[in-house]
Amino acid sequence: MFLPIGDTPNPQDTPYANYLLIGANIAVFLLISLPLVLTRPDLNDPVLAEYLRVLGARGIAPTQAFLDRVSVYDLFIFHYGFRPADPSLFTLFGSLFLHGGWLHLAGNMLFLWIFGDNVEHRLGHFAYLLVYLVTGVVSTLFFAAFVPDSSMPLVGASGAISGVLGCYFFWFPRNKVKVFIFLFPFIMSTFMIPARLVLGFYLLVDNLIPFLLIPKGGAGVAHSAHIGGFLAGISVAFFVDRLPGVWRRRQSRQAYRETPEMAGEESGPGIGERIASLLGQDDRHRAALLYETLNSRAKRKAVGDEAVLAVGDHLLAAGEYDRALSIYRRFSAERPASMVLDRALLGAGKALTHKPRCQTSAYQYFLAALDVAKTQGLAEEAKMHMRAIDRLGEG
């Protein structure tokens with residue numbers, strides 16, 4: 001058994017939206033689900049007849065065997081759970097707050113408790129609620145796409161929680177997750193494991209492989225819903241993370257086009273030398289504008305590593321954090337073998353510390369910079385920022 005029981009680092013603010021979601025799911029189970037589980041169905045209820053028909057009960061003996069195990073809650077789930085063959089807007093959202101039992105609820109709420117606070121901190125309270133619901137809906141529709149004629153209901157928050165996990169996987173891959181491993185009698189202990197491995201295991205081993213091997217999400221687990229939610233969460237995180245930089249670059253290009261003396265510079269030969277020349281003249285503003293107009297990897301690679309970092313450092317010092325972050329990120333993606341990669345990673349982390357709710361995201365870059373640090377001074381600077389973030393989490 002592999003059971004996540006905590007993670008680090010964590011933000012200092014209170015995840016009110018996450019508490020609200022956990023409370024709503026538990027309240028629905030205690031106030032609605034549990035009483036109905038203890039109630040026997042009315043044999044004249046038309047929903048019961050439809051439920052038995054969908055389950056395939058035929059004849060007196062098989063029908064009686066089903067009836068011996070059916071509660072009113074089974075009928076409630078059948079009626080209000082999302083059925084791809086009979087979809088509705090109400091069940092599309094309502095099914096996200098229904099669970100099949102204590103274990104189903106407890107497992108989902110544990111994952112939401114562990115991983116939700118960092119994602120809520122990154123998004124903000126209202127946006128987190130919105131993303132939770134949207135990824136939950138996407139996960140349900142993803143499930144329905146593979147079984148469009150199914151009359152069996154889908155219930156549970158796991159699709160929406162998978163959306164939260166997708167966001168976490170994208171934003172906090174280097175966070176450490178405390179995992180309790182119980183493989184009696186060999187291993188019975190907790191281990192700190194990088195989040196990318198824990199959540200990668202969840203996606204690949206717990207869901208993708210069973211989805212491919214078990215036809216139509218057998219074994220009572222909607223693997224396709226989990227996969228759809230996870231992919232939706234990654235997509236949301238990607239666009240939330242990248243859109244500010246894209247917008248700022250677009251503004252920079254507009255400013256460049258409105259500067260007559262720079263017209264045509266980006267298309268001329270020796271672009272790297274031109275940017276280096278501007279930096280040499282201490283005209284870092286024009287150098288930054290010119291670099292941001294380069295719309296192909298080949299053109300950007302023509303600019304030397306030091307020149308690119310000088311552009312990023314100038315934007316960082318000028319308070320243009322989104323633009324600086326974009327420069328450092330592209331440098332890291334396009335020049336992974338650079339001897340100054342550690343400086344780009346450190347710069348990305350420093351830019352993120354100046355953006356609202358991005359401290360725990362910045363931690364990822366400081367840790368990456370520490371991993372590839374070429375000098376003791378840079379390693380110590382990365383550790384200093386990490387300690388500062390840790391102190392914030394303890395405050």
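The structure presented is a predicted model; accordingly, all values stated were derived computationally and were not measured.

**Student:** So what exactly am I meant to see when it comes to a nonpolar patch on the surface here?
**Tutor:** A surface patch of nonpolar side chains, about 1100 Å² in accessible area, is lined by Phe-2, Leu-183, Phe-186, Ile-187, Phe-191, Phe-201, Leu-204, Val-205, Leu-208, Ile-209, Leu-212 and Leu-213. For the nonpolar patch, the elements supplying multiple residues, two or more each, are β3 (187-194) and α9 (195-213). Ranked by residue count, the leading element in the nonpolar patch is α9, at seven residues. Tracing the backbone shows Ile-187 in strand β3.

**Student:** Just to check I follow, could you spell out the environment of Gly-245 for this structure?
**Tutor:** Mapped onto the fold, Gly-245 is located in helix α10 (residues 223-257). Exposure remark for Gly-245: the relative accessible area of 7% places this residue in the buried category. Through-space distance from the C-alpha of Gly-245 to that of Tyr-321 is 8.8 Å; in sequence the pair is 76 residues apart.

**Student:** In this structure, what is going on with the pattern of salt bridges? I would like to understand it.
**Tutor:** Oppositely charged side chains may form a pair once their charged atoms are brought near each other. What the rule picks out here adds up to 15 salt bridges. Between Asp-371 and Arg-174 there is a salt bridge, with the nearest N and O atoms lying 2.4 Å from each other. With Asp-371 in helix α17 (residues 359-372) and Arg-174 in the loop between α8 (158-171) and β2 (176-183), the pair connects residues that are 197 residues apart, well separated along the chain. Of the charged contacts in the structure, one is a salt bridge between Arg-323 and Glu-320, with a shortest N-O distance of 3.9 Å. Its relative accessible area of 22% is what places Glu-320 among the partly exposed residues. In this structure, a network of salt bridges that share partners links the residues Arg-122, Asp-241, Arg-242 and Arg-329.

**Student:** Where do I start with unusual backbone geometry in this structure?
**Tutor:** Working note: non-glycine residues mostly have negative phi, and peptide bonds are mostly trans. Here the amide bond leading from Thr-8 into Pro-9 is cis, since omega sits at 0°, within 30 degrees of zero. Within the fold, Pro-9 resides in the loop between β1 (2-8) and α1 (16-37). One non-glycine residue, Asp-282, adopts positive backbone phi at about 60°. Its location among the elements puts Asp-282 in the loop between α11 (271-280) and α12 (284-292). The phi torsion at Arg-357 lies on the positive side, around 65°, for a residue other than glycine. Taking relative accessible area as the criterion, Arg-357 reaches 38% and is therefore assigned partly exposed.

**Student:** What is the right way to read α9 from this model?
**Tutor:** The periodicity of an α-helix, 3.6 residues per turn, causes residues three or four positions apart to be oriented the same way. Taking 1.5 Å of rise per residue, 19 residues should cover 27 Å, and α9 covers 26 Å from first to last C-alpha, within 8% of that figure. At Asn-207, α9 shows its largest bend, some 25°, and a proline, Pro-210, comes one to four positions later. Ala-195, Val-198, Leu-199, Tyr-202, Asn-207 and Pro-210 are the residues of α9 that are buried.

**Student:** Would you explain the packing of α1 against helix α6 (residues 102-123) in this entry?
**Tutor:** Helix packing for two helices is described by the angle between their axes and how far apart those axes are. For the pair α1 and α6, interaxial distance at closest approach is 8 Å and the crossing angle is 165°. Taken together, the axes of α1 and α6 are roughly antiparallel relative to one another. Read as a crossing pair, α1 and α6 show a hand that is right-handed. Within the contact between the two elements, α1 uses Tyr-16, Ala-17, Asn-18, Tyr-19, Leu-21, Ile-22, Asn-25, Ile-26, Phe-29, Leu-30 and Leu-34 and α6 uses Trp-102, Leu-105, Met-109, Leu-112, Trp-113, Gly-116, Asp-117 and Glu-120. Here the residues of the contact of α1 with α6 sort into 14 nonpolar, three polar and two charged.

**Student:** Can you help me understand the sheet that holds β1 in this one?
**Tutor:** The pairing of strands in a sheet happens through backbone hydrogen bonds and is either parallel or antiparallel. Strand order in the open sheet formed by three strands is β1-β2-β3, and the pairing between neighbours is antiparallel. Here the strands that pair on one side only, and so sit at the sheet edges, are β1 and β3. Each strand of the sheet is rotated relative to its neighbour by a mean of 25°, with strand direction disregarded. The pairing of β2 with β3 spans eight bridges and is classified as antiparallel.

Cut-offs used in this document
- Residues numbered from 1 in each chain as written.
- Predicted model: local features only at pLDDT ≥ 70, side-chain atom pairs only at ≥ 80, totals over all residues.
- Heavy atoms only, no water.
- Patch = residues over 30% accessible without salt bridge, like charges linked within 9 Å, V, L, I, M, F, W, Y side chains within 5 Å.
- Areas by Shrake-Rupley, 256 points an atom, 1.4 Å probe, with all protein chains shown as cover.
- Salt bridge = Lys/Arg side-chain N within 4 Å of Asp/Glu carboxyl O.
- Helix = DSSP H or I, 4+ residues; strand = E, 2+ residues; numbered from the N terminus.
- Buried < 20%, exposed > 50% of the residue type's maximum accessible area, 1.4 Å probe, protein only.
- Expected span 1.5 Å × (residues − 1).
- Bend = angle between axes of the 7 residues up to and from the residue.
- Axes fitted to C-alpha atoms, helices over the stretch in contact; angles between N-to-C directions.
- Parallel < 35°, antiparallel > 145°, perpendicular 65-115°, else oblique.
- Left-handed = near helix turned anticlockwise from the far one by under 90°.
- Contact = heavy atoms within 4.5 Å.
- Nonpolar A, V, L, I, M, F, W, Y, C, P; charged D, E, K, R; others polar.
- Pairing = 2+ DSSP bridges.

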